[in-house]
Amino acid sequence: MNSRITDGLNYFSKLSFRRIWNAVKVVSSFYFSKWSKKSVQWGIPISLTFEPTTSCNLRCPECPSGLREFTRPTGMLQNDFFRKTIDEVYKEISYLIFYFQGEPYLNPKFLEMVKYASAKRIYTATSTNAHYLDDTNARKTVESGLDRLIISIDGTTQETYQQYRIGGDLKKVIEGTENVVKWKKELKSITPHVIFQFLVVKPNEHQIKDVEALARKLGVDEVRYKTAQMYDYVNGNALIPSIAKYARYQKSEDGTYSIKNEMLNHCWRLWHSTVITWDGLVVPCCFDKDAKHQLGDLKKMSFRELWSSKEYNNFRASVLRSRAEIDICKNCTEGTKVWA
């Protein structure tokens, strides 16, 4: 069976009536809010993102973690806090993402948290630079029940790879991938669904087809291409690819660059998902990398209280009113026309 179909069936197998009903309430509240221009929320998120850590071993040039530019504290997600939050919401949520900023495998309790969520029949996913997938960690990854493993591989030669993944070693990425694929076979496991994620930038765009060949050779299930978010793009950026399909930005007649998408006054993310930092702060989405828009603190209140709080609804209302006025939305190209 096609691996993508298998992955989809795996996700749907975890859905209970309660989770499906929650999804119906979330979708309905989103459409009602968009139609009425008033923020309402009848469910809790379908998807949660937890940040295992803000630490990273690489220094990627468009990443706050890689650049060491956070103004917020750095640290590690604690297992007891994670379990407390999951215990509160696991009956409704169906998808759990274990990454935001940083490299998840640097948190020594990361795979224990994955295993805990998997035992609750929640679909789990993470994204890694694959430098810590030695034989032991690869086996533990498969045994944890992780459903999706996204491996960032932004080049098929060391020379190209290191131009964006500064400090990275492509050989380790390939060896880590081989270790996971090996243990999937050894343990006769259909999970994790292994994805090569290729962030298309100018230095690597000539290797787009090469990464597909490498994926087939290694037994990777899927290849996905991602467009790169740039912080400084108005006057051009050396990382903007020349292939328009993979660029978030377009050149204007005056020589400056602008974001391609139309800014619409709604955002599906604010109704179906949220992001929890390692220290329990809740922010609207993954574009708020430095946690500037803190909607609550789970160390001080329950998740359900926070999700339906005045602060959260006010933020949703501000998006419905004028999304262009919100700083983190100005450089967002993801999901702007979904549910339009």
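Refer to the structure printed above.
What counts and how
Along each chain, residue indices are assigned from 1 in the same order as the chain's sequence is written. Only residues with pLDDT of 70 or above have their local features reported here, since the model is predicted, and side-chain atom pairs are shown and tallied only from 80 upward, although totals for entire chains, interfaces and linings are computed over all residues. Working from all heavy atoms in the structure, the side-chain values ignore hydrogens and water. Criterion for a disulfide: a pair of cysteine sulfur atoms at a distance within 2.5 Å. Each residue is assigned to one of three classes by its accessible area relative to the maximum for its type, calculated with a 1.4 Å probe on protein chains only: buried under 20%, partly exposed between the two thresholds, exposed over 50%. Strands here are runs of E lasting at least two residues and helices are runs of H or I lasting at least four, both read from the DSSP assignment and numbered beginning at the N terminus. Axes here mean lines fitted to C-alpha atoms, for a helix over just the part in contact, with angles spanning 0 to 180 degrees between N-to-C directions. An angle below 35 degrees is treated as roughly parallel, one above 145 as roughly antiparallel, one from 65 to 115 as roughly perpendicular, and anything else as oblique. Helix crossings fall into two classes, left-handed where the near helix is turned counterclockwise from the far one by less than a right angle and right-handed where it is turned clockwise. Note on contacts: a residue pair qualifies if any of its non-hydrogen atoms lie within 4.5 Å across the two residues. Just so you know the grouping, Ala, Val, Leu, Ile, Met, Phe, Trp, Tyr, Cys and Pro go in nonpolar, Asp, Glu, Lys and Arg go in charged, and all remaining residues, Gly too, go in polar. Pairing between two strands requires that DSSP report at least two bridges joining them. Here a Phe, Tyr or Trp ring, Trp counted by its six-membered ring, pairs with any other such ring whose centre lies within 6.5 Å, and the pair is stacked when the planes are under 30 degrees apart, edge-to-face when over 60, and tilted otherwise. By definition here, charges over rings are those cases where NZ of Lys or CZ of Arg is within 6 Å of the ring centre and within 35 degrees of the ring normal.

Peer 1: Is there a simple way to explain the state of the cysteines in this structure?
Peer 2: Working definition of a disulfide: a covalent bond connecting the sulfur atoms of two cysteines. According to the stated counting rule, one finds zero disulfides in the structure shown. Here Cys285 is not cross-linked by a disulfide; its sulfur's nearest cysteine counterpart is in Cys286, at 5.3 Å. Take Cys329: it sits in no disulfide, and the sulfur closest to it among the cysteines is that of Cys267, at 6.3 Å. Residue classification places Cys329 among the buried positions, given a relative accessible area of 9%.

Peer 1: Explain unusual backbone geometry here, please?
Peer 2: Glycine aside, the phi torsion of most residues is negative, and most peptide linkages are trans. A cis amide bond links Thr191 with the next residue in sequence, Pro192, at an omega value of 0°. With respect to the helices and strands, the residue Pro192 is situated in the loop between α8 (170-186) and β5 (193-200). A positive phi angle is found at Arg121, which is not glycine, with a value near 60°. Residue classification places Arg121 among the partly exposed residues on the basis of a relative accessible area of 42%. Of note, the phi angle at Ala130 is positive, near 70°, even though the residue is not glycine. Assessed through its relative accessible area of 1%, Ala130 is described here as buried.

Peer 1: I tried to follow the packing of helix α5 (residues 110-119) against helix α6 (residues 135-144) on my own but got confused; where do I start?
Peer 2: Packed helices, taken two at a time, are described by the angle between their axes plus the distance between the axes. At a minimum axis distance of 9 Å, the contact between α5 and α6 shows a crossing angle of 20°. With respect to α6, the axis of α5 lies roughly parallel. Crossing of α5 against α6: the hand is left-handed. Along the contact surface, α5 presents Leu111, Val114, Lys115 and Ser118, while α6 presents Asn137, Lys140, Thr141 and Ser144. Its residues assigned to classes, the contact of α5 with α6 comprises two nonpolar, four polar and two charged.

Peer 1: Mind showing me how you'd approach the pairing of β5 here?
Peer 2: Successive side chains on a regular strand alternate, one facing one side of the sheet and the next facing the other. Along β5, eight of the eight residues are buried, which leaves the element largely enclosed by surrounding structure. Here β5 shows no split at all, with His193, Ile195, Gln197 and Leu199 on one side and Val194, Phe196, Phe198 and Val200 on the other all buried. Note: strand β4 (residues 148-152) against β5, five bridges, orientation parallel. When the sheet's bridge partners are listed, Ile151 is paired in β5 with Phe196.

Peer 1: Can you help me understand the packing of aromatic side chains in this one?
Peer 2: Under the defined criterion, the tally for this structure stands at 19 aromatic pairs. Ring centres 6.0 Å apart and planes at 15° place the aromatic pair Phe303 and Trp307 in the stacked group. Residue Phe303 and its partner Trp307 are both found in helix α11 (residues 303-307); the two are separated by four residues, about one turn of the helix. Summarising the burial analysis for this pair, Phe303 and Trp307 share the class buried. These aromatic residues form a ring-pair network of at least three members: Phe50, Phe81, Phe82, Phe98, Tyr105 and Phe110. Directly above the aromatic system of Tyr90 lies the positively charged group of Lys120, at a separation of 4.3 Å from the ring centroid. We note Lys289 situated over the ring of Phe287; from NZ or CZ to the ring centre the distance is 5.2 Å.

Peer 1: Even after reading the chapter, I still don't get the sheet that holds β4, so can you show me in this structure?
Peer 2: Strands pair in a sheet through their backbones, by hydrogen bonds, and they do so in one of two ways: parallel or antiparallel. Judged by pairing direction, the sheet is mixed, and its nine strands sit side by side in the order β6-β5-β4-β3-β2-β1-β9-β10-β11 without closing on themselves. Each of the sheet's edge strands pairs with one partner strand only, and the pair in question is β6 (222-227) and β11 (296-297). One ladder, built from three bridges, connects strand β2 (residues 95-97) with strand β3 (residues 123-128); its direction is parallel. Looking across to β3, one finds that Ile97 is bridged to Ala125. Here helix α4 (residues 79-89) sits on the sheet and contacts β1 (47-50), β2 and β9 (273-276); the angle it forms with β1, its principal contact strand, is near 175°. Taken strand by strand, helix α9 (residues 208-218) contacts β5 and β6, and its axis lies near 165° from that of β5.

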